[in-house]
Amino acid sequence: MPETILLVEDETAIADTLVYALESEGFTVVWRRLAGEGLNYLASAHADLVILDVGLPDENGFDVCRRLRQQWSMPVIFLTARKEEVDRIVGLEIGADDYVTKPFSPREVAARVRAVLRRTLHQAVSPAESGKPHTAFALDDDGKRIAFRGRWLDLTRYEYQVLRVLAERPGRVFSRAQLMDQAWEDPAQSFDRAVDTHIKTLRAKLRQIDPDCNPIRTHRGLGYSVASEPSA
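The model shown is predicted, which means the values in this text are computed figures rather than measured ones.

## Remarks on the pattern of salt bridges
Next, step 1: Tallying each qualifying case throughout the model produces 13 salt bridges.
Next, step 2: Between Lys102 and Glu9 there is a salt bridge, and its shortest N-O distance comes to 3.4 Å. Taken together, the positions of Lys102 in the loop between strand E5 (98–101) and helix H5 (106–122) and Glu9 in the loop between strand E1 (4–8) and helix H1 (12–24) put the pair 93 residues apart, joining distant regions of the chain.
Next, step 3: The exposure class assigned to Lys102 is buried, which follows from its relative accessible area of 14%.
Next, step 4: Relative accessible area serves as the criterion here: at 0%, Glu9 is assigned to the buried category.
Next, step 5: A salt bridge links Arg66 to Asp63; its shortest N-O distance comes to 2.9 Å. Of this pair, Arg66 and Asp63 both sit in helix H3 (residues 61–69), separated by three residues, roughly a single helical turn.
Next, step 6: In this structure Arg66 comes out as partly exposed when scored by relative accessible area, which is 39%.

## A short note on the nonpolar core
Inside soluble globular proteins, nonpolar side chains tend to come together where they are buried.
Next, step 1: Judged by nonpolar contacts, the single largest core of 28 residues is most densely connected at Phe137, Ile146, Phe148, Leu153, Leu163, Leu166 and Ile216.
Next, step 2: At the level of elements, strand E6 (137–140), strand E7 (145–148), helix H6 (157–168), helix H7 (176–183), helix H8 (192–209) and strand E10 (223–226) are the ones that each hand at least two residues to this core.
Next, step 3: Dropping the residues within four chain positions of it, Leu166 is found in contact with Phe174, Leu179, Ile199, Ile216, Tyr224, Ser225 and Val226.
Next, step 4: Counting 22 residues, the second-largest nonpolar core is a separate cluster that includes Leu39, Tyr41, Ala47 and Leu52.

## Comments concerning the sheet that holds E1
Next, step 1: Strand order in this open sheet of five strands is E2-E1-E3-E4-E5, and the pairing throughout is parallel. The open sheet has two edge strands, strand E2 (28–32) and E5, and neither has a second partner. Direction aside, the axes of adjacent strands within the sheet are offset by 20° on average.
Next, step 2: Sheet topology places strand E4 (residues 76–80) next to E5; four bridges connect them, and they run parallel. Residue pairing for E5: Ile77 is matched across the bridge by Asp98.
Next, step 3: Packed onto the sheet, H1 meets E1, E2, strand E3 (49–53) and E4 and runs at close to 170° relative to E2.
Next, step 4: Against the sheet, helix H2 (residues 35–44) contacts E1, E2 and E3, and its axis sits at roughly 155° relative to E1.

Parameters and conventions
- Residues numbered from 1 in each chain as written.
- Predicted model: local features only at pLDDT ≥ 70, side-chain atom pairs only at ≥ 80, totals over all residues.
- Heavy atoms only, no water.
- Salt bridge = Lys/Arg side-chain N within 4 Å of Asp/Glu carboxyl O.
- Helix = DSSP H or I, 4+ residues; strand = E, 2+ residues; numbered from the N terminus.
- Buried < 20%, exposed > 50% of the residue type's maximum accessible area, 1.4 Å probe, protein only.
- Core = buried A, V, L, I, M, F, W, Y, C linked by side-chain atoms within 4.5 Å.
- Contact = heavy atoms within 4.5 Å.
- Pairing = 2+ DSSP bridges.
- Axes fitted to C-alpha atoms, helices over the stretch in contact; angles between N-to-C directions.

Read these as layout, nothing more, since geometry by itself doesn't imply function.
In C-alpha cells:
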C-alpha cells in the first residue's frame, strides 16, 4: 500500500510540481491549501507524512506543527522561503523531521520524503527482539507512537496507552481494570466501558491498514490480548 503524503501549501504552482514528483515516486498525495484544511483532514483520515509550508496565509507553519504534535506523531517536513539558521533550529526543535528551503527541486523533496519515512520507521523499537514474541506492531517509546504492518498509526492519547500495554506483552490477557490502571493517570475518573470504546476505535484503525487482520483478541469475561505471530 503506497504511503499517503499530506501536502499543505497555498501556492498552486509549487503544489502542482510537488504532487507530480511525489506521485511519480509512487506516493499518494493529498493537497490542502490552508492550515485549517490540513488539520481537518488529519482529524478524519490517515497520513504517513506531512509536508508543511511555514508561510501559510491562515496560520504560521510552526504553530501548526505544535498543534499537530499534540495529537499525531507522523513525520513533518517544512517548506519555507526563509533560510536563517534560527528558523531551521526552531522548526526542528518543535518537532519537524526535515527542513527544505525554496527554491528547491521537487525530486529532492521526494527523495527527502522517502529518506525521512525510512529513517523514522527504522527508529521504531521492534517487539521481535530476542526472547520476545513477534507481533505486527513496532513501538517507539521516545516518540510515543506505534507502527502496525510498517505504518505509523494515528492514535489518541488513550488509544496509544491501551495498545502499548497490550503490544508490549503479546499473548498476555489484560482485564479492563488492569488496562485502566496502566493506561489512565487516574483510573477512578474513568469507567470500564471506556476500555471497550478504545478497543473498538483501535480495531477500526488497524483494519484501515490490514482489513484481514484482527490482532486484538477478546477473551470473554477476562479481557483483551494482542496475538503473537510466527517469526519471519
